[in-house]
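Architecture at a glance
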Amino acid sequence: MTGMGQEVCRPVGLRCEYLENPLGIDEVHPRLGWKLEDRRQGAAQSAYELVVGTDSALVEKGDDDVAAGRVCSAAAGRGGSGAGGKGSGLEAGDVWSSGKRVSAAQLVSYEGPALRPWTRYYWRVIVWDKDGKRGALPGAARFETGMMGMANWRGAWISDSRDIRTGPAAYFRRAIRTGKKVRSARAYIAAAGLYELYINGAKVGDHRLDPMYTRFDRRNLYVTYDITGYLQQGDNAVGVLLGNGWYNMQSTAVWYFHEAPWRGRPCFCMDIRITYDDGSVETIGSGKDWKTSLSPIVFNSIYTGEHVDDRRQQAGWDRAGFNDSAWKEVIFRSAPSENVVAQVLPPVRDVERISPVSVKRLSDTVWVYDLGRNIAGVSELHVQGPAGARLRLVHGERLYPNGHVDQSNISVHYRPVGDGDPFQTDIYILSGKGEEVFKPLMGYKGFQYVEVVSSSPGVVLGANSLTGWFMHSDVGSVGRIESSDTLVNRLWSATNNSYLSNLMGYPTDCPQREKNGWTGDAHIAVETGLYNFNGINVYEKWMADHRDEQQPNGVLPSIVPTGGWGYEWGNGPDWTSTIALIPWNIYLFYGDSRLLGTCYDNIRRYVDRIDERGDNGVSSPGLTDWGLGDWIPVTTKPPVEFTSTVYFYADASILSRAAGLLGKKEDEKKYLALAEKIKKAFNAKYLDTMKGVYGSGLQTELCMPLYWGLVPADMKARVAASLARRVQADGNHLNVGLLGTKALLSALSENGYADLAYTVATQRTYPSWGWWIVNGATTLYENWPIDAKSDVSMNHIMFGEIGAWLFKGLGGILPDAGAPGFRHILLRPHFGKGLEEFRASHDCPYGEIVSSWKTVGGKIVYTAVVPPGATAELELPWKKVGLTAGTYEFRQP
Ligand code: BGC
């Protein structure tokens, strides 16, 4: 044991609803969580007290007040919540104190009196360490409530009076006069479509593409901003720019988003709440005192591109004193839905600026920029030239041999009407007024190359004229892989690039061709996401999207959200088990059962639906052939019934466990029995007990039952041996599709074939992940051959399980369902043959877990870090040992 240090336990990383000091939450029982900073071996929390109040001084007041709190014992474990006690905190805070609770829980729901809207609450946690000694007392954290319900809105939904085919995006503005000194001000803005908010000439905040996509006719998101610093005493102007987003899809593709039932000309509703120095409050709601005009954005589609005519700029439109006499009246519009709720997730941002690695001038008017890597986002152009010159910015992932951008791999599902809306192309018309900057506001693309075509030789571009912005939901990073094998490092980074390129407030399949919330792609990638990023808020939002979409009979669509497409195709359990798999993984990674609870009924209805469907004509009870099967396989594919039944089993098992956790005893038994029935039917039909082989012995057929737990205990070793033999017969290469990739590597490494798993994972020849990388990929692809003719997106997260496997199969960092959220960590590292150095770290809810090794003189030196509050069970090839918090080193004998 190393790393002895300070002797104090300190709560750190305080989060409310998993966010740091969030603004505008609607949750009535917000979750409060913290970590411990305590470097002593065995560090843990023996008790805590939470204090919540509206006065920061009171909340932070005297240590002695809180130390005297009444002791209430509470269930240990994250999410545990004991009896709410009126401890000392009521003197210390003015709203709620939990009282001192003997509990190790580091995630606790607020249980005090009903929270008021628009209110800032301060909170702090007092912890007692493993010896019962009170820890250090850091300052208070805070959260602020938002609207807390539809009844509290004052503003009206407004729009201009134009129809859905209108090209130009609309501006809206109004003047505000603040007579008194402003103490604080908030803007609460909901939009159907996309908005940009401006005050006195400045864009408010740094969000992009807000609000995030939902099924607009069922649920709309609003965003809260602190606008105190944007207002000035006296005259102010507030401006709103509205774009189409997914609300008014004008581009036509095979998913019929242009026919979505919610479609409409964008509209918004906003309340501005100003608190003056004298304590008085003024609410300014959107309404008839706003005026509207058309903006220079003459066309915008989140799917294809943005067209801007800079000659139509109206300088100062969002400033006080602007003459808006030519602007038009706004109209009232009915609210898009009756459910307007807070957007509680890290926003999409321009996260990383990428300078091109090269620019090629193909002629006097054509330049091709290469960013050197594939991203989702936009390009930003700095340009000077004659008024009226027209630039086309064509975005793509690859080039033709003649150097022009080739979109043929990604434009296949686009069905343009005419040539006014070219695919992944922005159009910019210069105003001719000095240096102009163009960056689209209402969409994004997937690309590495940008071809800029000018209508005029008077425009001259240079190497620095264009840069790329990588955009995605700005989720914090919580995982890292470093190793002596550069291929491993590049695989990790390519996987994360594809994961982030496909996270825009909902997980997508690809950022170019579709931008669809394909369910199957997302559940395959959920572990990769959660090992590497703090993604819970995005998944919680997306599960709400699922609940919005579910039919009364349990059916869910294959893409979420959807305008209606996907209820008839691709939505069997192999894809749409997201409804069970995502809440379950959130439970494993965060130790938080809330999402399982909110989705419980939806999981149940989905499982019942598969079950009923099975009775109506599929081969035998317990089996289902509803699904797509092992998508994009190398050469072999098992029957759909095989793969779909495995997911049916996984869903029924999760449902039974969720029922157990939620105290639903009857359901627990019922769905356990269903799971057993499925397993029995599956093994009866597909398992050859004589040979130890499933089906015809394909890789997918052997790895899926192992991974998902359908193999009878006494057959596991033989099935694993069959799998290993099969992989060897396939030249130590994978031969699976989407569903097989999820299971293959872990089935090998968890069943005695870790070296073989490592070999397959790091192959550099076809078919493998490494084949893409050695051919220059910076993201993951959709198809195994790099010269495939169809299904050839170059930024797909679908085969992203490799990213999770680096943590699971090499680092061996696994959550334990019995003590989830990594309260108890299973550490089962596998030292890949020839992998000299490796380090996996994951910042779990308790702190950083590390599993790493070095080879010194031919022997392994293994290091593990277990964070405070957690324990681990370490399994090394030469030793098995239980660990408490601390840093440990083990040398191979
Ligand atoms: C998507 C996939 C998706 C699949 C469903 C494709 O077009 O890009 O990633 O899962 O359809 O079959």
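Preceding block: the structure.
A brief look at the structure comes next. (Residues numbered from 1 in each chain as written. Predicted model: local features only at pLDDT ≥ 70, side-chain atom pairs only at ≥ 80, totals over all residues. Heavy atoms only, no water.)

1. Digging into the sheet that holds strand β2 (residues 31-37)
As a reminder, the rule being used: In this scheme, strands are said to pair when DSSP sees at least two bridges between them. Under the DSSP-based scheme used, a helix requires at least four consecutive residues in state H or I and a strand at least two consecutive residues in state E, with every element numbered from the N terminus. Simply put, an axis is a line fit to the C-alpha atoms, just over the touching stretch for a helix, and the angle between two N-to-C directions goes from 0 to 180 degrees.
Within the open sheet, the three strands sit side by side as β1-β2-β7. Their pairing is antiparallel. The sheet is open, and its two edges are formed by β1 (10-16) and β7 (107-109), each paired on a single side. Here the average twist between neighbouring strands, direction ignored, is 25°. As paired strands, β2 and β7 are joined by three bridges and run antiparallel to one another. Bridge pairing in β7 places Gly33 opposite Leu107.

2. Thoughts on the packing of aromatic side chains
Geometry of an aromatic ring pair is reported as the spacing of the ring centres plus the angle between the planes. Short version of the rule: Working definition: rings of Phe, Tyr and Trp (its six-membered ring) pair if their centres are within 6.5 Å, and the pair is stacked with planes under 30 degrees apart, edge-to-face with planes over 60 apart, and tilted otherwise. The buried label applies to any residue whose accessible area, calculated with a 1.4 Å probe on protein chains only, is under 20% of its type's maximum; exposed applies above 50%, and partly exposed to all values in between.
Throughout the structure, instances matching the rule amount to 54 aromatic pairs. With centroids separated by 5.1 Å and ring planes inclined at 10°, the aromatic side chains of Tyr213 and Trp246 adopt a geometry described as stacked. Here Tyr213, found in the loop between β14 (202-203) and β15 (220-226), pairs with Trp246, found in the loop between β16 (234-243) and β17 (267-276); they are 33 residues apart in sequence, far enough to count as distant. A single burial state applies to Tyr213 and to Trp246, both of which are buried. Both rings, one in Trp518 and one in Trp569, keep their centres 6.1 Å apart while their planes meet at 80°; by these two values the pair is edge-to-face.

3. Re the pattern of salt bridges
We apply this condition: For this analysis, a salt bridge means a side-chain nitrogen from Lys or Arg found within 4 Å of a carboxyl oxygen belonging to Asp or Glu.
Per the stated rule, a full pass over the model turns up 62 salt bridges. With a closest N to O distance of 2.8 Å, Arg361 and Asp364 form a salt bridge. The exposure classification of Arg361 matches that of Asp364, with both residues exposed.

4. Remarks on the environment of Leu294
Which entries qualify depends on this criterion: The contact criterion used is simple: two residues touch if any of their non-hydrogen atoms lie within 4.5 Å.
In this structure, Leu294 sits in strand β19 (residues 291-294). Setting aside residues up to four positions removed in sequence, Leu294 forms contacts with Asp160, Arg162, Pro168, Ala169, Tyr171, Arg265 and Gln314.

5. Things to note about the side chain of Thr467
Heads up, the rule is: Distance and chemistry together define a polar contact, namely a pair of N or O atoms within 3.5 Å, with one atom able to donate a hydrogen and the other to accept it when in protein, and with adjacent residues in sequence counting only for side-chain atoms on both sides.
Structurally, the position occupied by Thr467 is in strand β34 (residues 466-473). The class for Thr467 is buried, based on a relative accessible area of 9%. Here Arg353 takes part through its side chain, which lies 3.2 Å from a polar atom of the side chain of Thr467.

6. Thoughts on helix α17 (residues 801-810)
The buried fraction of α17 is high, at 10 of 10 residues. Where α17 is concerned, the buried positions are Glu801, Ile802, Gly803, Ala804, Trp805, Leu806, Phe807, Lys808, Gly809 and Leu810. Positive phi appears at Gly812, one or two residues downstream of α17, with a value of about 70°.

7. Digging into the site of the ligand
Spelled out, the test is: One heavy atom within 4 Å of a molecule or strand makes the whole residue count as near it. Per-residue and other accessible areas follow the Shrake-Rupley method at a 1.4 Å probe size, with only the shown protein chains counted as cover for residues. Classification convention: Asp, Glu, Lys, Arg as charged; Ala, Val, Leu, Ile, Met, Phe, Trp, Tyr, Cys, Pro as nonpolar; all other residues, Gly among them, as polar.
Near the ligand the following residues occur: Asp509, Arg513, Glu514, Trp518, Asp521, Trp569, Trp575, Leu628, Trp631, Glu782, His796 and Met798. Take Asp521: an N or O atom from its side chain is 2.4 Å from an oxygen atom of the ligand. Contacts to the ligand include His796, whose side-chain N or O atom sits 2.9 Å from an oxygen atom. Summarising the interface, the protein chains cover 96% of the accessible area of the ligand, which totals 310 Å² for the free molecule. Its residues assigned to classes, the shell around the ligand comprises six nonpolar, one polar and five charged.

8. Concerning the packing of helix α5 (residues 519-532) against helix α6 (residues 536-549)
Filter applied, for reference: Oblique is the label for any angle not under 35 degrees, not over 145, and not in the 65 to 115 range, which are roughly parallel, roughly antiparallel and roughly perpendicular in turn. Two helices crossing with the near one rotated counterclockwise from the far one by less than a right angle form a left-handed crossing, whereas a clockwise rotation gives a right-handed crossing.
α6 packs onto α5 with a crossing angle of 160° between their chain directions and a minimal axis gap of 13 Å. Overall, the two elements α5 and α6 adopt an arrangement that is roughly antiparallel. Considering how the two elements wind past one another, α5 and α6 form a crossing that is left-handed. Listed contacts from α6 to Thr519, Ala522, Ala525, Val526 and Leu530 of α5 are Tyr539, Trp542 and His546. Split into classes, the residues belonging to the contact of α5 with α6 amount to six nonpolar, two polar and no charged.

9. A look at helix α8 (residues 578-590)
Let me state the cut-off plainly: Multiplying one less than the number of residues by 1.5 Å gives the expected span of a helix.
An ideal rise of 1.5 Å per residue puts 18 Å on 13 residues; α8 measures up with 17 Å between its terminal C-alpha atoms. Most of α8 is tucked away, with 13 of its 13 residues classed as buried. Of the residues flanking the end of α8, it is Gly591, one or two places downstream, whose phi is positive at about 65°.

10. Here we look at the sheet that holds strand β22 (residues 328-329)
Here we have six strands laid out as an open sheet, ordered β14-β13-β16-β11-β19-β22, and antiparallel in their pairing. Edge positions in the sheet fall to β14 and β22, since each of these pairs with one other strand and no more. Taken together, the four bridges between strand β11 (residues 170-178) and β19 define a ladder with antiparallel strand orientation. Its bridge partner lying in β19, Phe172 is registered against Thr292.

11. Considerations on empty space enclosed by the protein
To keep things clear, this is the line we draw: Method remark: on a 1 Å grid restricted to protein atoms, a set of points is classed as a cavity if a 1.4 Å probe fits but cannot get out and as a pocket if it is open with protein on both sides within 12 Å along at least five of seven lines; lining residues have an atom within 4 Å of a point. Grid points are joined across faces, edges and corners, and a volume is the space filled by probe spheres set on the points.
Under the defined criterion, the tally for this structure stands at five cavities of 30 Å³ or more. The wall of the largest cavity is formed by 14 residues, among which Leu194, Leu209, Tyr213, Trp246 and Ile302 lie closest to the centre.

12. What to know about the side chain of Asp667
As a reminder of what qualifies: His residues and chain termini do not enter the charge count, which takes Lys and Arg as positive and Asp and Glu as negative.
Examined against the element boundaries, Asp667 turns out to sit in helix α11 (residues 665-686). Look at Asp667: it is buried, it has no salt bridge, and the nearest opposite charge is Arg604 at 4.5 Å. When near neighbours in sequence (up to four residues on either side) are disregarded, Asp667 contacts Tyr600, Arg604, Ala659 and Leu672.

13. Topic: the environment of Met270
Within the secondary structure layout, Met270 lies in strand β17. Sequence spacing of Met270 and Ile654 is 384 residues, and the spatial spacing of their C-alpha atoms is 41 Å. Not counting chain neighbours up to four residues away, the residues in contact with Met270 comprise Trp153, Gly155, Ala187, Tyr188, Ile189, Leu197, Val238, Val240, Ile284, Gly285, Ser286 and Trp290.

14. Here we look at unusual backbone geometry
Of the consecutive residues Asp210 and Pro211, the connecting peptide bond is found in the cis state with omega at -10°. Mapped onto the secondary structure, Pro211 falls in the loop between β14 and β15. Located in the positive-phi region is Glu17, a residue other than glycine, with phi close to 50°. Within the secondary structure, Glu17 is located in the loop between β1 and β2. The class of Glu17 is buried, set by a relative accessible area of 6%. Even without a glycine there, the phi angle at Met148 is positive, about 50°. Here Met148 shows up in the loop between β9 (141-144) and β10 (158-159).

15. Side note on the packing of α5 against α17
It is at 7 Å that the axes of α5 and α17 come closest, and there the two elements cross at 55°. In terms of orientation, α5 lies oblique with respect to α17. Crossing hand, α5 versus α17: left-handed. Of α17, the residues touching α5 (which contributes Ile524, Glu527, Thr528, Tyr531 and Asn532) are Glu801, Gly803, Ala804, Phe807 and Lys808.

16. Overview of the nonpolar core
Soluble, globular proteins show a tendency: their nonpolar side chains are buried together. Note the threshold: Each nonpolar core is a collection of buried residues, namely Ala, Val, Leu, Ile, Met, Phe, Trp, Tyr and Cys, held together in the definition by side-chain atoms within 4.5 Å.
If you look at the biggest cluster of nonpolar residues, it comprises 213 residues, and the most contacted ones within it are Trp769, Leu827 and Tyr862. Residue contributions to this core peak at 11 residues, all from helix α10 (residues 640-661). Discounting chain neighbours no more than four positions away, the residues touching Trp769 are Leu491, Leu734, Thr741, Leu745, Ala761, Leu780, Trp784, Phe799 and Ile802.

17. Remarks on the pairing of strand β33 (residues 445-454)
A large share of β33 lies buried, amounting to nine of its 10 residues. Summarising the sheet, strand β27 (residues 366-383) and β33 pair through eight bridges and their orientation is antiparallel. Of the residues in β33, the one forming a bridge with Trp367 is Val452.

18. Examining the pairing of strand β20 (residues 297-301)
Along β20, four of the five residues are buried, which leaves the element largely enclosed by surrounding structure. For β20 and strand β21 (residues 305-309), the ladder comprises four bridges, and the chain directions are antiparallel. The residue of β21 that forms the bridge with Phe299 is His307. Counting the residues between successive antiparallel strands, the hairpin from β20 to β21 contains three residues.

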